[in-house]
Amino acid sequence: MELSVYNIKGEDTGKKVTLNDAVFGVEANEHAIYLDVKQYMANKRQGTHKSKERSELSGSTRKLKKQKGTGGARSGDINSPVMVGGARVFGPKPRDYSFKLNKKVKSLARKSALALKAKENAIIVVEDFAFEAPKTKEYIEFVKNLQVSDKKSLLVLAEQNKNVYLSARNLEKAKVVTVSELNTYKVLDAKSLLLTESSVAAINNF
């Protein structure tokens, strides 16, 4: 697949880049995508949830009333789960939600996500560029020129560019990542995928 290359003003430069069919032309594997996104979301969970069990409450352990002869149900101490303010039965405990996923599955999922974006014509290739200083105004102008200011966009750079990253940091719908940080979730979360020329060369080798 060949795509035109645009500059930061949104003008066609006349240049073309070729997207590798081994990456952007694969048949999307929905199950691999599901597993990779599930792992990404699971790894973000802190797992610090906790509720107190019966032995951890500070209430008295005195038996509230005698076992028999009251005409009511028997009861133990005030920490009992059936009492108001008592312990919680089988409550959440701190745990690790992360799980292992094979590299081949993760690679297939990422390629599948990129292929879906290519199929939706949601990929725009731009010339390599840099800002002289971090300016949000310049990045807003950049996405406006490419007509993606009203959509969630993901700009993929070949390597870290501090000024470009800082310029987009305050924008809710704009994200900037390097090729090494690119993952299935980030690709799918964006409506428009903006690739620099040098990042295309790196992604073609996935």
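Attention in this report is confined to the structure presented alongside it. None of the values given here were measured: they were computed from a predicted structure.

### Quick word on the pattern of salt bridges
Enumeration according to the criterion identifies eight salt bridges in this entry. When the shortest N-O distance is used, the salt bridge between Lys106 and Asp36 registers 2.9 Å. Remark: Asp36 occurs in helix α2 (residues 30-44) and Lys106 occurs in helix α3 (residues 103-119); sequence separation between them is 70 residues. A relative accessible area of 31% places Lys106 in the partly exposed class. Residue Lys50 is joined to Glu56 by a salt bridge in which the shortest nitrogen-to-oxygen separation is 2.9 Å. Salt bridges linked by common partners bring Lys15, Glu127 and Glu197 together as one network.

### Description of the sheet that holds strand β4 (residues 153-157)
Strand-to-strand pairing in sheets goes through backbone hydrogen bonds, with the strands running parallel or antiparallel. Spatially, six strands are ordered β2-β1-β3-β6-β4-β5 in an open sheet, and the strand pairing comes out mixed. Each having just a single partner strand, β2 (12-18) and β5 (174-178) make up the two edges of the open sheet. Between one strand and the next, the sheet's axes are offset by a mean angle of 30°, whatever the strand orientation. Relative to strand β6 (residues 192-196), strand β3 (residues 123-126) is paired through four bridges, and the arrangement is parallel. Note on β6: the bridge partner recorded for Val126 is Thr196.

Cut-off values and rules
The numbering scheme is per chain: residues are counted from 1 as the chain's sequence reads. The predicted origin of the model limits local features to residues at a pLDDT of at least 70 and limits the giving and counting of side-chain atom pairs to 80 or more, whereas totals for whole chains, interfaces and linings rest on all residues. Side-chain figures throughout are based on the complete set of non-hydrogen atoms in the structure, without hydrogens or water. A carboxyl oxygen of Asp or Glu within 4 Å of a side-chain nitrogen of Lys or Arg is what we treat as a salt bridge. Comment: elements are numbered from the N terminus, with helices defined as DSSP H or I runs of at least four residues and strands as E runs of at least two. Residue burial is assigned from relative accessible area. The probe radius is 1.4 Å, only protein chains are included, and a residue is buried under 20% of its type maximum, exposed over 50%, and partly exposed in between. Strand pairing is assigned whenever DSSP identifies at least 2 bridges connecting the two strands. Angles here are taken between N-to-C directions and fall from 0 to 180 degrees, while the axes themselves are lines fitted to C-alpha atoms, restricted in helices to the stretch in contact.

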